[in-house]
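A look at the structure
If you want the building blocks of each chain, they are given just below.
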Amino acid sequence: MNYKLLFTRSILLLQICLSVLYFSTTNSFAHQNTLEKVKSTGVLIWGFDAEGGAPYVFHDPKHPSKLVGFEVELVAAIARELGVKVQHFQNAWDSILLSLQRGDFDIALNGIEITPDKEPSVLFTRPYYVYAEQIVVRASDNRINRPEDLRGKKVGTLYNTVAKRMLEEMGEITVNIYSGQVEPFKDLSLSRIDAVFVDLPIASYYAKPNPQLRLVGKPAGEGYYGIAVRKEDTALAEELNKIIEKLLRTGELQKIYSRWGLWNTAQEKLFLHEEPLQKYTENLPSVSEKVSPSVTKFLPTLLKGALVTVGISILSMMLAVGLGLILAITRLYGNTWLQRISTAYIEIYRGTPLLIQLYILYYGLPNIGITLSAFAAAILGLGMNYAAYEAEIYRAGIQSIPKGQTEAALSLGMSKRLALKRIILPQALRITIPPMTNDFIALFKDSSLVSVIAMVELTKSYSILASASMNFFKLGIITALLYFGMSYPLSLYARKLEKKLRLYDRNP
Amino acid sequence: MIEIHNLSKQYDNQPLFKGLHLNIAKGSVVTLIGPSGSGKSTLLRCMNGLESFQEGHISVNGQKLYGIHEQNYNKAQVHLTLKNIRRKVGMVFQQFNLFPHMTVLHNIIESPTHVLGISQAEAESNAISLLQKVHLEEKAHSYPDQLSGGEQQRVAIARSLAMKPEAMLFDEPTSSLDPEMIEEVLAVIKDLVSEGMTTVIATHEMSFASDVSTDVVFLERGEILEHGSPKDIFYNPKNDRMRAFLSRFMK
C-alpha cells in the first residue's frame, strides 16, 4: 500500500470538506446585496408562518394548497413592482427573525411589530399597516369593558407580541401565552380564560364571526407592522419603502385591506411616515430595560419554568407507573375482554404522537363536554402516554421471572393473585427499575411538548425569553444545563438503587 | 391417599397417558422410574394440578380433580379443589425454585403466614425447627444465592414441610445437583420417609429407590410397564424393556 498517496488523498479530501463547510456557512453573507440577488435571480423569498395565520397569511380552507391573506396579496403586489416572482418560505413565527438573519429568506413580512428591542437585529421598512390591540371577551360576560378591567383576570395573548408586554406592564394580570392564534379564542369560549388581548386584525378575523365572543373597548396601544430585512440590506429596504409608498398613493393598499375588512381611519397615518423608522416606535411601551442581556434577570423565570417541568414530570410519571402496572396485569392475567382493551390501549398510545394526544385532550375533549385545565391535560396526556410504555416494561419484567417461581408458589397453596403479589411482582419490579428510570428521564424532556397547550414550563420559558431578547445561544446553554442538572442526579440515583437491589450483589 | 383413575393426557394430539391407573396408599413410598420423557414428572405435576389432563380423574385425600373433557369438570370447582389439594400435598422441584428475593427463613414462613394465617412468631419457630431437621439452622438469614445446590434443595424441602403436608411429591430432587451433594438431600428424604410421610418420588437414583420404596413404578412412554415391590422390580424384572433400562443403570 502506498501510504504517501493515501496521505495526500486524505489531505485533499479534508480540503474539500473544509471548503464545502466554508461555502455553506458563509452562504448567507455571500450576497452582500440582497436587492441585486433578488433582481438577478428574479425571485423574492418571503418568510412567514401560515400556521393559524389568518387573516395575514394562511391556507385557504376551501383549497388547502393555496395560501391566502392580506399579506399574500401585499407581497404579490411588491413582487410585481420589483418585477420578480415570490417564493414562499414557511417558518415558525417564534423564530422568524432568527431565520431571516441566518439568510433563509430575503424578507420577513408577517405581522411583525416594529419595536425597539428588534432593532439591533434587523432593519425595518416604513410601516405597511397600523394595528392596535383589541380586547375580546365572551358575549355573555360584561365585567370587562376597557383595558383597566383586565386586572385580576386571566388574559390570553400571543407570544412575543406588544400586547403581551402591555399586559405584563399593566400588572396584576395572569397572562396565558399562546403560539397559535386559534387556541386563545377556543380557551376563551371554554371559559379557561376571561379575555383575549391581541392585534386588531386577529381579533376581527377570529372573534367577529363567532357569536359567543365580542370585541369590547377601543383599540389600545397603536403600533406598526413593518417588513423586516437583514441589517445590511439598506438598498432593499429603500426599494421596499418606495414600493409601499406607491401602493399607498395608488390606493392599491387600501383596496387590499378593505377586501379583508382591515381598512380603518387609523391607516391614514401610514401616509405620514416617509422618514426612516425610529419615530414610529417612540410612543410604544418601552421594554428595552426589561430585556437586558444579564443572565441573572432571566434566571428567576427559567427556574419557575423548571419547577413546572419538575412538577409535571413527577405527577405524570406517578400516573404512568400506576396505570402501566394495571395495564400490564390486565394484559397478562385479565379475561379476554380486559386483555383486548389493554392491548388496544397500549398499541394506540404507542402508535400515535404524544402531540396529537395532547391536542385531543385539551382542545378535542371540550367538544364532548369535558374541559380540562392545562395542568390536568398535561399530566393526563403525558401520564397516559407513558403508561403504555411502562406497561410493556412491566410485562417484560413479569415474563422474565422463571415459570418455576409461580409453580413453587402455587404448590405451596398460594392463590395466583397472592403469588403475583408476593413472589412475581417483587422480583419483576427490580428488573423494571433501570428502564423506567430511563423513561422518566425521557418523559422529563418530553414534558416540553405540553407547551402546545399553554403550559409555560422550562422550554417554553426559554423560547419566550430567547425570542424576546434574541439571546438564543446563552439562554439555550443555561436551559440545557438546567435540564441536565435535574436529570443527571436522577440517573445517578437510579444507578445506586439498581445496585442496591441487584440480586446477586448482596452483602452477606 | 392418591388415586389415579383412567388418566389420559395429550400434548397437541401427541398422546402421553392412555388410561393410566395408580393407587398410592397412605404411608407408602412410591418411586417413579423410567427413561427421560417417560412421563414421570408430568404424572407428579398432574397430581397437584400444575398440569391439566383431558380424561379420567385424580383423587387426593378425597378431593377429586377431573380431566377437562370429563362431564364432572367444573371450572369454578377446580379452583377450590386445587387449593385443598395443594395445602395437603407438598412438592419439591428439580430446580429448587426458592424465592431469590427472600431469606431462607422468609422462604419458609411465607406460605404459612399468608395462606394458613399462622402468626409470624409461630411460623418462625416452626421454621427454625424445620431448618434444624435439614441441618441448616445457621443459614436462616442467608439468601438462596448464597447456598449450595444441596443446601437450597434442603431449604425447599423444609419450605414444603412448613405447610404440614400429608404427602410429598419429589420431582427429580437430585437431578441438578453435583454428585457430592446428592447424599445430603437423599438423607433428608430418608428421614422424612422413616417418619411415615406418604411420598412419591420421580428419580434416577436406583439404589436409593430400592432402599426406601414400598412400591416402584416403571414408566415408559406414559405407560406403567411394571409396578411392584423394589425386590420384584430390581431383582426379578419381568419386562424386557425394564431389564434393558436397569442394565444401563446397574453397569
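Keep in mind the model is a prediction, meaning the values are calculated, not measured.

1. Points about the overall build of chain B
A tally of helices and strands in chain B yields nine helices and 10 strands. Taken over the C-alpha trace, chain B has a radius of gyration of 18 Å; the compact-globule value for 251 residues is 18 Å, and the two agree within 12%. Expressed as lengths along the three principal axes of its C-alpha atoms, the size of chain B is roughly 50 × 50 × 30 Å. For chain B, with 251 residues in total, the buried portion stands at 44%. For chain B, long-range pairs separated by at least 24 residues make up 62% of all intrachain contacts whose partners lie at least 6 apart in sequence.

2. Concerning the nonpolar core
Among the nonpolar cores identified, the biggest contains 197 residues, and A:Ala195 and A:Ala228 are the most heavily contacted of them. If we skip the residues at most four places from it in the chain, A:Ala228 touches A:Leu97, A:Leu100, A:Ile107, A:Ala108, A:Ile112, A:Val122 and A:Phe124.

3. A short note on the interface of chain A and chain B
Contact with chain A, which involves 18 residues of that partner, is made by 21 residues of chain B. Elements supplying a minimum of two residues to the side of chain A that touches chain B: α15 (403–411) and α16 (416–446) of chain A. Of the residues that constitute the side of chain A that touches chain B, the class distribution is 10 nonpolar, five polar and three charged.

4. Structural notes on unusual backbone geometry
Leaving glycine aside, a negative phi is the common case for residues, and trans is the common case for peptide bonds. Its identity is not glycine, yet A:Ser191 carries a phi of approximately 65°, on the positive side. Note that A:Ser191 resides in the loop between α7 (182–189) and β9 (195–199). The phi dihedral of B:Lys164 is positive, around 50°, even though this residue is not glycine. Topologically, B:Lys164 is positioned in the loop between α5 (149–161) and β7 (167–171). We classify B:Lys164 as partly exposed; it has 13 C-beta atoms within 10 Å.

5. A closer look at helix α14 (residues 374–399) of chain A
Over its 26 residues, α14(A) extends 37 Å from the first C-alpha to the last, a length consistent with the 38 Å expected when each residue adds 1.5 Å. Remark: the principal bend of α14(A), roughly 30°, maps to A:Ala387.

6. Observations concerning the sheet that holds strand β2 (residues 14–24) of chain B
All names here are of chain B. Ordered in space as β2-β1-β4-β5, the four strands form an open sheet in which the pairing is antiparallel. Of all the strands in the sheet, just β2 and β5 (63–66) have a single pairing partner and so form its edges. This sheet shows a mean twist of 20° between the axes of neighbouring strands, independent of strand direction. In the sheet, strand β4 (residues 55–60) pairs with β5 via four bridges, with the strands oriented antiparallel. Counterpart to serine 59 in the pairing with β5 is lysine 64. The strands touched by helix α1 (residues 40–47) within the sheet are β1 (2–11), β2 and β4, with β1 carrying the most contacts at an inclination of about 120°. The sheet strands contacting helix α2 (residues 75–88) are β4 and β5, and the helix crosses β5 at an angle near 120°.

7. Some points on the sheet that holds β7(B)
All names here are of chain B. Read from one edge to the other, the open sheet built from six strands follows the order β6-β7-β8-β3-β9-β10, with strand pairing classed as mixed. Both edges of this open sheet fall to β6 (89–92) and β10 (223–228), since each of them pairs with a single strand only. Each strand axis lies, on average, 15° off the axis of its neighbour in the sheet, ignoring direction. Relative to β10, strand β9 (residues 215–220) is paired through five bridges, and the arrangement is antiparallel. Residue pairing in the sheet places leucine 219 in a bridge with isoleucine 224 of β10.

8. Looking at the packing of helix α4 (residues 70–82) of chain A against helix α10 (residues 252–259) of chain A
All names here are of chain A. Orientation of α4 relative to α10, taken along the N-to-C sense of each, is 160°, at an axis distance of 9 Å. As judged from the angle between their axes, α4 and α10 are roughly antiparallel. For the crossing formed where α4 meets α10, the hand is right-handed. Contacts from Phe70, Glu73, Leu74 and Ala77 of α4 reach α10 at Glu252, Ile256 and Tyr257. Its residues assigned to classes, the contact of α4 with α10 comprises five nonpolar, no polar and two charged.

9. Details of the pairing of strand β3 (residues 29–33) of chain B
Residue and element names in this part refer to chain B. Most of β3 is tucked away: five of the five residues are buried. With burial as the criterion, each face of β3 is covered, one bearing Val29, Thr31 and Ile33 and the other bearing Val30 and Leu32. Here β3 pairs with strand β8 (residues 198–202) via four bridges, running parallel. Its bridge partner lying in β8, threonine 31 is registered against isoleucine 201. Pairing geometry for β3 and β9, over four bridges, is parallel. Note on β9: the bridge partner recorded for isoleucine 33 is phenylalanine 218.

10. A short note on the confidence of the model for chain A
Residue and element names in this part refer to chain A. Chain-level pLDDT for chain A is 83 on average; 86% of the residues reach the 70-or-more range. For residues 20–31, every residue scores under 50 in pLDDT, and the model assigns this stretch four contacts once sequence neighbours within four places are set aside. Here residues 504–508 is modelled with pLDDT under 50, and outside its nearest four sequence neighbours on either side it reaches four contacts, counting other chains as well.

11. Digging into helix α4 (residues 120–133) of chain B
Residue and element names in this part refer to chain B. Its 14 residues place the ends of α4 20 Å apart at the C-alpha level, agreeing with the 20 Å of an ideal helix rising 1.5 Å per residue. Within α4, burial applies to Ala123, Ala127, Leu130 and Leu131. One side of α4 holds all its buried residues, which, seen down the axis, span an arc of 100°. Facing away from the buried side of α4, by more than 90 degrees, are the exposed residues Ala121, Glu122, Ser125 and Gln132. Looking at the buried side of α4, the elements it contacts are α3 (104–116) and α5.

12. Thoughts on the pairing of strand β8 (residues 174–178) of chain A
Residues and elements named next belong to chain A. As defined by bridge partners, strand β7 (residues 154–158) adjoins β8 across five bridges and the pair is classed as parallel. Within β8, the residue paired with lysine 154 across the bridge is threonine 174. Remark: the β7/helix α6 (residues 162–170)/β8 crossover connection has right-handed handedness.

13. Regarding the confidence of the model for chain B
All names here are of chain B. Here chain B shows a mean pLDDT of 91. Residues at 70 or above account for 99%. Per-element confidence in chain B is highest for α3, whose mean pLDDT is 95, and lowest for helix α9 (residues 240–250), whose mean pLDDT is 81. For this predicted complex, the interface score ipTM comes out at 0.93, while the overall pTM is 0.73.

14. A word on the environment of B:Pro112
All names here are of chain B. With respect to the helices, strands and loops of the structure, proline 112 is situated in helix α3. Under the C-beta neighbour-count criterion, proline 112 is labelled buried, with 23 such atoms within 10 Å. Here the alpha-carbon distance between proline 112 and threonine 31, two residues 81 residues apart in the chain, equals 28 Å.

15. A closer look at the packing of helix α12 (residues 336–351) of chain A against α14(A)
Residue and element names in this part refer to chain A. Close contact between α12 and α14 brings their axes to 9 Å; oriented N to C, the two are set at 120°. When the axis of α12 is compared with that of α14, the two are oblique. Here the hand of the crossing between α12 and α14 comes out left-handed. Contact residues: Tyr345, Ile346, Tyr349 and Arg350 in α12; Met384, Asn385, Ala388, Tyr389, Ala391 and Glu392 in α14. A per-class count over the contact of α12 with α14 returns seven nonpolar, one polar and two charged.

Reading guide: rules and limits
The residue count restarts for each chain, going from 1 along the sequence in the order it is written. Here the convention is simple: chains get letters from A, ligands get numbers from 1, in the order in which they are written. Local features in a predicted model are, by the rule used here, given only for residues with pLDDT of at least 70; side-chain atom pairs are given and counted only at 80 or more, and totals for whole chains, interfaces and linings are based on all residues. Runs of E in the DSSP output that reach at least two residues are strands. Runs of H or I that reach at least four are helices, and both are numbered from the N terminus. With the radius of gyration taken over C-alpha atoms, the globule rule is written as 2.2 Å times the number of residues to the power 0.38. Whether a residue is buried, exposed or partly exposed follows from its count of other C-beta atoms within 10 Å of its own C-beta, namely 20 or more, 12 or fewer, or something in between, respectively; the C-beta atoms are built from the backbone. Working definition of a contact: two residues with C-beta atoms, positioned from the backbone, lying within 7 Å. Here, a nonpolar core means buried Ala, Val, Leu, Ile, Met, Phe, Trp, Tyr and Cys residues linked by C-beta atoms lying within 7 Å of one another. In this count, Pro and Cys sit with the nonpolar residues alongside Ala, Val, Leu, Ile, Met, Phe, Trp and Tyr, while Asp, Glu, Lys and Arg are called charged and the others, Gly among them, polar. The span one expects for a helix is its residue count, reduced by one, times 1.5 Å. Two axes define the bend at a residue: one fitted to the seven residues ending there, one fitted to the seven starting there, and the bend is the angle between them. By definition, two strands form a pair when at least two bridges between them are found by DSSP. Lines are fitted to the C-alpha atoms to define the axes, a helix being fitted only along its stretch in contact, and any angle between axes, read from their N-to-C directions, falls within 0 to 180 degrees. Should an angle fall under 35 degrees it is taken as roughly parallel, and over 145 as roughly antiparallel, whereas 65 to 115 is taken as roughly perpendicular and any remaining angle as oblique. The crossing is said to be left-handed when, going from far helix to near helix, the turn is anticlockwise and less than a right angle, and right-handed when the turn is clockwise. Scored from 0 to 100, pLDDT records how confident the predictor is in each individual residue. This arc describes the spread of directions from the helix axis toward the C-beta atoms. When the strands point away from the viewer, a crossover counts as right-handed if the path from the first strand over the helix to the second runs clockwise.

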